[in-house]
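Close look at the chain arrangement
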Amino acid sequence: AAPTDPTEPTVETGTIVGEAGDPRNRAKVHTELGALYYGRGNMAVALEELRIASAADPSYALAYSMFGLVYMELREHRLAQTNFERALRLSPSDPDINHNFGWFLCQTGREDEAVKYFLQAVRNPLYPAPWRSYSAAGVCSLRKNNMKDAEEFFLRALQQEPDEPASLLQLGQIRY
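From a predicted model like this one, the values you see are computed outputs, not experimental measurements.

1. Remarks on the overall build of the chain
Counting secondary structure elements, the chain contains 9 helices and 0 strands. A buried classification covers 47% of the 176 residues belonging to the chain. The contacts of the chain with a sequence gap of at least 6 include a subset with a gap of at least 24, amounting to 48%. Accessible area of the chain: about 9,000 Å², with a carbon and sulfur share of 50%.

2. Some points on the nonpolar core
Of all hydrophobic cores here, the largest spans 44 residues; its most connected members are Tyr38, Val70, Trp103, Phe104 and Phe118. Counting only elements with at least two residues in this core, the list comes to helix H1 (23–39), helix H2 (43–56), helix H3 (61–73), helix H4 (77–90), helix H5 (95–107), helix H6 (111–123), helix H7 (130–143) and helix H8 (147–160). The element best represented in this core is H3, accounting for 8 residues. In terms of nonpolar packing, the next biggest core, distinct from the first, is built from 5 residues, Ala27, Ala53, Ala56 and Ala63 among them.

3. Brief notes about the state of the cysteines
Scanning the entire structure with this criterion turns up 1 disulfide. The disulfide that involves Cys106 links it to Cys140, with 1.9 Å between the sulfurs. With a gap of 34 residues between them, Cys106 in helix H5 and Cys140 in helix H7 connect regions that are remote in the sequence. Exposure remark for Cys106: the relative accessible area of 1% places this residue in the buried category.

4. Re the pattern of salt bridges
Charged atoms that come close allow side chains of opposite charge to pair. Within this structure, the stated rule accounts for 4 salt bridges. Here Arg175 ties to Glu151 by a salt bridge, and the two come within 2.9 Å at their closest N and O atoms. Residue Arg175 is found in helix H9 (residues 165–175), and its partner Glu151 is found in helix H8; the two are separated by 24 residues along the sequence. Of the residues examined, Glu151 reaches a relative accessible area of 24% and is grouped as partly exposed.

5. Some points on the side chain of Ser65
Mapped onto the elements, Ser65 comes out in helix H3. For Ser65, the side chain forms a polar contact with the side chain of Asn100, separated by 3.4 Å. Not counting chain neighbours up to four residues away, the residues in contact with Ser65 comprise Phe84, Ala87, Ile97 and Asn100.

6. Let's talk about the confidence of the model for the chain
Per-residue pLDDT for the chain averages 90, and the proportion of residues at 70 or more is 89%. Here H9 is the element of the chain with the lowest mean pLDDT, 85, and H4 is the one with the highest, 98. Note on residues 15–19: pLDDT is under 50 here. Beyond four places in sequence and across chains, it has 7 contacts.

7. What about H1?
Its 17 residues give H1 an end-to-end C-alpha distance of 24 Å, which sits within 8% of 24 Å, the value for a rise of 1.5 Å per residue. Residues Asn25, Ala27, Lys28, His30, Thr31, Glu32, Gly34, Ala35 and Tyr38 constitute the buried set of H1. The inward-facing, buried residues of H1 abut H2 and H3.

Cut-offs used in this document
- Residue numbering note: each chain is counted from 1, following its sequence as written.
- Totals for whole chains, interfaces and linings use every residue, but because this is a predicted model, local features are given only for residues with pLDDT of at least 70 and side-chain atom pairs only at 80 or more, for both listing and counting.
- Side-chain descriptors were evaluated using all non-hydrogen atoms of the structure, hydrogens and water having been removed beforehand.
- Each helix is a run of H or I in the DSSP string that is no shorter than four residues. Each strand is a run of E no shorter than two, and both are numbered from the N terminus.
- The buried label goes to any residue with under 20% of its type's maximum accessible area, the exposed label to any with over 50%, and the partly exposed label to all in between, with areas taken from a 1.4 Å probe on protein chains only.
- Contact criterion: two residues are considered in contact whenever any of their non-hydrogen atoms come within 4.5 Å of each other.
- In this description, accessible areas are obtained by the Shrake-Rupley approach with a 1.4 Å probe, and a residue is regarded as covered only by the protein chains that are shown.
- Residue types Ala, Val, Leu, Ile, Met, Phe, Trp, Tyr and Cys, when buried and joined through side-chain atoms within 4.5 Å, form a set referred to as a nonpolar core.
- Note on terminology: pairs of cysteine sulfur atoms within 2.5 Å are recorded as disulfides.
- A pairing counts as a salt bridge when a side-chain nitrogen of Lys or Arg comes within 4 Å of a carboxyl oxygen of Asp or Glu.
- Definition of a polar contact: a pair of N or O atoms within 3.5 Å, with one able to donate and the other able to accept a hydrogen when the atoms are protein atoms, and with sequence-neighbouring residues admitted only if both atoms are side-chain atoms.
- What pLDDT reports is the predictor's confidence in each residue, on a scale of 0 through 100.
- Under the convention used throughout, the expected extent of a helix is 1.5 Å for every residue step, that is, one less than its residue count.

Printed below as a string of structure tokens:
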């Protein structure tokens, strides 16, 4: 399940479809296991599950996005960026991958680049939580002392999710 804090990366797990021996199914299952181990802070096992996933289906974009999250957590920025970029090449409009890469860029001092990926995430009409990316774009804008854009992003987040606490708090701090 995805965290509700917009400053956290999103980890999506879906339902399992297909035959047990199907390479895509194996990749999905092992990516989901990797996400669970990542969520529990066990990066070594998460990496092993993701290696199995990417070996089963080298075109499964979500596995590379999870690699990116794990390497980001391990502060292996070059490996994180390489994996996020590979995930985006495989699935350029995936909102979770765009959000996660945006958050990585924001965390590594590339706030202006990050906002572009957050906005790409919200362009996907099937994205279940666009407020999360708007709020994260607001956080990145604050880091650049761009109060005008930050306020606009937090307002957009609150239009999508009116009771979202992080955006309410940030907007309150900007205005007062």
